[in-house]
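Here is how the chains run, residue by residue.
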Amino acid sequence: ESDPVLARIRRAWVFTFLGLSFTLTTVHVWTNIYSFVFFLFGAGMWLLSATLSTPQTPGQNSDRTATPIRPGPAYSRFEPRQRPHVPS
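Residues numbered from 1 in each chain as written. Predicted model: local features only at pLDDT ≥ 70, side-chain atom pairs only at ≥ 80, totals over all residues. Heavy atoms only, no water.

**Considerations on helix H1 (residues 4-24)**
Helical geometry note: an α-helix holds 3.6 residues per turn, so side chains three or four residues apart project in the same direction. Going by this rule: Helix and strand labels come from DSSP, where a helix needs a run of H or I of at least four residues and a strand needs a run of E of at least two; each type is numbered from the N terminus. Given a helix with a known number of residues, its expected span is that number minus one, times 1.5 Å. Partly exposed residues are those whose accessible area sits between 20% and 50% of the maximum for their type, while under 20% is buried and over 50% is exposed, using a 1.4 Å probe and protein chains only. The directions from the helix axis to the C-beta atoms form the arc being described.
In this model, H1 (21 residues) spans 30 Å end to end at C-alpha, consistent with the 30 Å of a helix rising 1.5 Å per residue. All of the buried residues in H1 are Leu6, Trp13, Phe17 and Leu20. Down the axis of H1, the buried side of the element spans an arc of 65 degrees, and every buried residue falls inside it. In H1, those exposed residues whose orientation departs by more than 90 degrees from the buried face are Pro4, Arg8, Phe15, Leu18 and Phe22.

Structure (C-alpha cells):
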C-alpha cells in the first residue's frame, strides 16, 4: 500500500517533467536551466525508491532515547562576545 502523500508528490513530478519536456522541445537549455533540469531528473529517480516515514505517536516506543539539550551561552548579535584575554 502506497502512501497517498508520496503518490501525490510523484504525480506532481510527472506533470512537472512532462511540461518541462514539452517546453524543452522548443528551446535550447543553457547553464542554470540545464542544471535545474538534471536536478529535477535526479529527484525523480530518488522518488522511485523514496518512502515517507510515519510520525510516531507519544505512546509508541522508539529506538531513540531522549537526550536533554543543554543550552549554551546566549549571545546577542548586538553585543560583542567576550574574548579570552591573550597576553601581548
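Now that the structure has been shown, the text picks up again.
**Concerning a nonpolar patch on the surface**
Worth spelling out the cut-off: Patch construction takes residues with relative accessible area above 30% that form no salt bridge. Like charges are linked within 9 Å, and nonpolar side chains (Val, Leu, Ile, Met, Phe, Trp, Tyr) are linked within 5 Å. Using a 1.4 Å probe, the Shrake-Rupley method yields the accessible areas, and only the shown protein chains count as cover for residues. Between Lys or Arg on one side and Asp or Glu on the other, a salt bridge is scored when a side-chain nitrogen of the former is within 4 Å of a carboxyl oxygen of the latter.
On the surface, Tyr34, Phe38, Phe41, Met45 and Leu48 cluster together to form a nonpolar patch covering roughly 540 Å² of accessible area. Tyr34 sits in the partly exposed class, given a relative accessible area of 46%.

**Considering the environment of Ser21**
For Ser21, the location among the structural elements is in helix H1. Taking the C-alpha atoms as reference points, Ser21 and Val37, separated by 16 residues in sequence, lie 9.2 Å from one another.

**Quick look at helix H2 (residues 31-49)**
Cut-off, in case you're wondering: For this analysis, residues touch if any pair of their heavy atoms sits within 4.5 Å.
For H2, which comprises 19 residues, the first-to-last C-alpha distance of 29 Å matches the rise-based estimate of 27 Å (1.5 Å per residue) to within 8%. For H2, every residue scored as buried is listed here: Val37, Leu40, Gly44 and Leu47. In a view along the axis of H2, the buried residues occupy a sector of 80 degrees, so they form one face of it. Residues of H2 that are exposed and point more than 90 degrees away from the buried face comprise Thr31, Asn32, Phe39, Trp46 and Ser49. Among the structural elements, H1 are those in contact with the buried residues of H2.

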